[in-house]
Structures are given as C-alpha cells and as structure tokens.
Amino acid sequence: MARKLKRTLPGDRVGDESIDSMIRVDHAGEYGAKRIYEGQLAVLGNAPKFKKLVEHMAAQEQVHLDFFEKEIAARQVRPTALHPLWHITGYALGALTAKMGAEAAMACTVAVEEVISEHYAEQLAALKNNPREKKLAAAIKKFKAEEEEHHDIGLKHDAEQANGYALLTKAIKSGARLAIAVAKRV
C-alpha cells in the first residue's frame, strides 16, 4: 500500500526544526527515559525508597511516551531509525549508573532531565507563535514541568553525593545533547 504524502503547510516549520522532527526527537527521548528507569529498577528495584521514586518517574515518562506514540501515528511521522540503539543504551545507562549506587542513578536523572528541560524550553519558544500546535505546546509544557520535578527528586535524593558527580553528569549531559541532535535527523 502506498503511503499518502503529507502536504507541508505554513507553520509546519518552527525555527530550524519541523514539527515532524520535534515529534520524532521527543518520542525517542521519552523512550530512552523509559529505558533508563527500567535499567535502574532492574538493579536497585529491591530498595523500597528507591523503587517508589523511580516507579513514580517511570510512570510519568510512560504517559509522555504514550502521547508521542499517538502523535507519531496520527501525524504519520517516521520514528527515529536509531530506536534499537535507544533501547539498548537507555537501559545500559540506567543499569550502569544504578550499579554505581543510588546516588549515581539519581545523578543520571538530574543530568538527563536538565537537558530535556532545556530542550523542551527551546521547543516551547519555537511553538509560541504557532496557533495550530496548541495541543502539542500544552503537552510539552506539562512534560517539561514533570521533567523538572524528576530533576529535583534526583537532587533531593543525594545525586550530588555520587562519586565523580561533576564528571558523570557532564558526560551524561553531553550524551543526551548528542542523542537529541541525532534523533532530530535520523
């Protein structure tokens, strides 16, 4: 069956990024976040305090992912071709940082959520003058607030006490920024 071609309409581009690219990268990012939390839970899921925190954050990430999966389907957006890579690396990042200890797992959360919050802020600024994308902007605004909540949870639960916190978070932030850049295009 031939795929129907989408017509580009005025307003389908916001700044240097298309709406399709936004949907693709946000879907990839939320999937990666889901996998990070799955990796953390696999390693530290028996610690009651940690398990409850991570399950809360994972549940919110699942809502974000569900939204973007619906958008991918409704808008006929091609998901990132690197989905299998996100599947493996997200889980590995979560499990590896959890093996380093709960503080390192929380440091991972702080780093990733800081980058995602910045990314969502850029998207919100780009969507500000696009009246056709009010639903998308409202969802991103809500998700940004929840990502900031996750960041603060990480800080509240000793992220900064992780061995090598500054180096660890710098490396994770760099990786997250690279993942965003790649997922926009691939």
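Above this text you will find the structure in question.
These notes cover the structure that comes with them.

**Overview of the packing of aromatic side chains**
- Applying the stated criterion across every chain, the model contains three aromatic pairs.
- With a centroid separation of 5.1 Å and an interplanar angle of 85°, the aromatic rings of Phe67 and Phe68 are classed as edge-to-face. Of the two residues examined, Phe67 and Phe68, each falls in the buried class.
- Look at Phe68 and Phe143: their rings are 5.8 Å apart centre to centre, the planes differ by 65°, and that puts the pair in the edge-to-face class. Taken together, the residues Phe68 in helix H2 (residues 48–75) and Phe143 in helix H5 (residues 134–156) connect sequence positions 75 residues apart. Both residues of the pair, Phe68 and Phe143, belong to the buried class.

**Things to note about H2**
- With 28 residues, H2 ought to run about 40 Å at 1.5 Å a step, and its terminal C-alpha atoms sit 40 Å apart, in line with that.
- Following H2 by one or two positions, Gln76 adopts a phi angle in the positive range, close to 55°.

**Some words on the pattern of salt bridges**
- This model, assessed by the stated rule, comprises 10 salt bridges.
- With its nearest N and O atoms 4.0 Å apart, the salt bridge here joins Lys51 to Glu55. Taken together, the residues span about one helical turn, with Lys51 and Glu55 both in helix H2 at a distance of four residues.
- Residue class for Lys51 comes out partly exposed when judged on its relative accessible area of 36%.
- Judged by its relative accessible area of 39%, Glu55 falls in the partly exposed class.
- Between Arg75 and Glu133 there is a salt bridge; the shortest N-O distance is 2.7 Å. Taken together, the residues Arg75 in helix H2 and Glu133 in the loop between helix H4 (102–127) and H5 connect sequence positions 58 residues apart.
- Put simply, Glu71, Arg75, Glu133 and Lys135 are held in one network by salt bridges that share partners.

**Observations regarding unusual backbone geometry**
- Phi at Gln76 is positive, roughly 55°, even though this residue is not glycine.
- As for its position among the elements, Gln76 is in the loop between H2 and helix H3 (83–99).
- Note on Gln76: relative accessible area 34%, which makes it partly exposed.
- Positive phi, normally seen in glycine, also occurs at Asp158, with a value near 70°.
- One can find Asp158 in the loop between H5 and helix H6 (165–185).

Thresholds applied
- Residues numbered from 1 in each chain as written.
- Predicted model: local features only at pLDDT ≥ 70, side-chain atom pairs only at ≥ 80, totals over all residues.
- Heavy atoms only, no water.
- Phe/Tyr/Trp six-rings, centres within 6.5 Å; stacked < 30°, edge-to-face > 60°.
- Buried < 20%, exposed > 50% of the residue type's maximum accessible area, 1.4 Å probe, protein only.
- Helix = DSSP H or I, 4+ residues; strand = E, 2+ residues; numbered from the N terminus.
- Expected span 1.5 Å × (residues − 1).
- Salt bridge = Lys/Arg side-chain N within 4 Å of Asp/Glu carboxyl O.

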